[in-house]
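Descriptive structure summary
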Amino acid sequence: QVQLVESGGGLVQAGGSLRLSCVASGSIFAINTMGWYRQAPGKQRELVTTMTSGGSTNYVDSVKGRFSISRDNAKNTVYLQMNSLKPEDTAVYYCNIKNGPMSDWYEYWGQGTQVTVSS
């Protein structure tokens, strides 16, 4: 079993920055993918960014050049640095892990942290 706990959300003005953290605990496999999703009111949850345990990343086009994902594998922690925030970034941000290799992984979610960007 794996538990994910997010922190770092809050209220920020457009153009500002926030750094989200997600700490994973439990049985973490050496091979895994961690990342961030977000869900705005009235909209579907969307993938924001992911990073594999080997360091490969991907980003949704709308955040490229503004957001950056990083990992500290020794601490089982993943971060999301968000710069140049826009009002459309307002959402609940969820940490996610696909725990195991691509052929046999188990998925877990955090409870989410609210990010609000004012104009």
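These remarks concern the structure in this document. Treat the numbers as computed from the prediction; the structure is a model and nothing was measured. (Residues numbered from 1 in each chain as written. Predicted model: local features only at pLDDT ≥ 70, side-chain atom pairs only at ≥ 80, totals over all residues. Heavy atoms only, no water.)

Structural notes on unusual backbone geometry
Located in the positive-phi region is N76, a residue other than glycine, with phi close to 50°. Inspection of the secondary structure puts N76 in the loop between strand 7 (67-72) and strand 8 (77-82). Relative accessible area serves as the criterion here: at 30%, N76 is assigned to the partly exposed category. Backbone geometry at S84 places phi at a positive 50°, although glycine is not the residue there. Under the relative-accessibility criterion, S84 is labelled partly exposed at 41%. (Helix = DSSP H or I, 4+ residues; strand = E, 2+ residues; numbered from the N terminus. Buried < 20%, exposed > 50% of the residue type's maximum accessible area, 1.4 Å probe, protein only.)

Topic: the packing of aromatic side chains
For any pair of aromatic rings, the description consists of the separation of the ring centres together with the inter-plane angle of the planes. Applying the stated rule across the entire model yields 1 aromatic pair. Ring geometry for Y37 and W109: centres 4.9 Å apart, planes at 65°, overall edge-to-face. With Y37 in strand 4 (residues 32-39) and W109 in strand 10 (residues 106-109), this pair connects stretches of sequence that are 72 residues apart. When the ring centre of W109 is taken as origin, the NZ or CZ atom of R45, which lies over that ring, is 4.8 Å away. Over the face of the ring belonging to W105 we find K98, whose NZ or CZ atom lies 5.7 Å from the ring centre. (Phe/Tyr/Trp six-rings, centres within 6.5 Å; stacked < 30°, edge-to-face > 60°. Lys NZ or Arg CZ within 6 Å of the ring centre and 35° of its normal.)

Section: the environment of T113
With respect to the helices and strands, T113 occurs in strand 11 (residues 113-118). Separated by 22 residues in the primary sequence, T113 and A91 place their C-alpha atoms 8.5 Å from one another. In this view, T113 contacts E6, S7, G8, G9, L20, A91, V92 and Y93; residues no more than four positions away in its chain are not counted. Reaching out from T113, the side chain makes a polar contact with the backbone nitrogen of G9 at a distance of 3.2 Å. (Contact = heavy atoms within 4.5 Å. Polar contact = N/O pair within 3.5 Å; in protein donor to acceptor, adjacent residues only side chain to side chain.)

Let's talk about the environment of V92
Relative to the helices and strands, V92 resides in strand 9 (residues 91-99). Remark: the alpha-carbon pair of V92 and Q39, spanning 53 residues in sequence, is separated by 5.3 Å. Residues contacting V92, with those up to four places away along its chain left out, are Y37, R38, Q39, G112, T113 and Q114.

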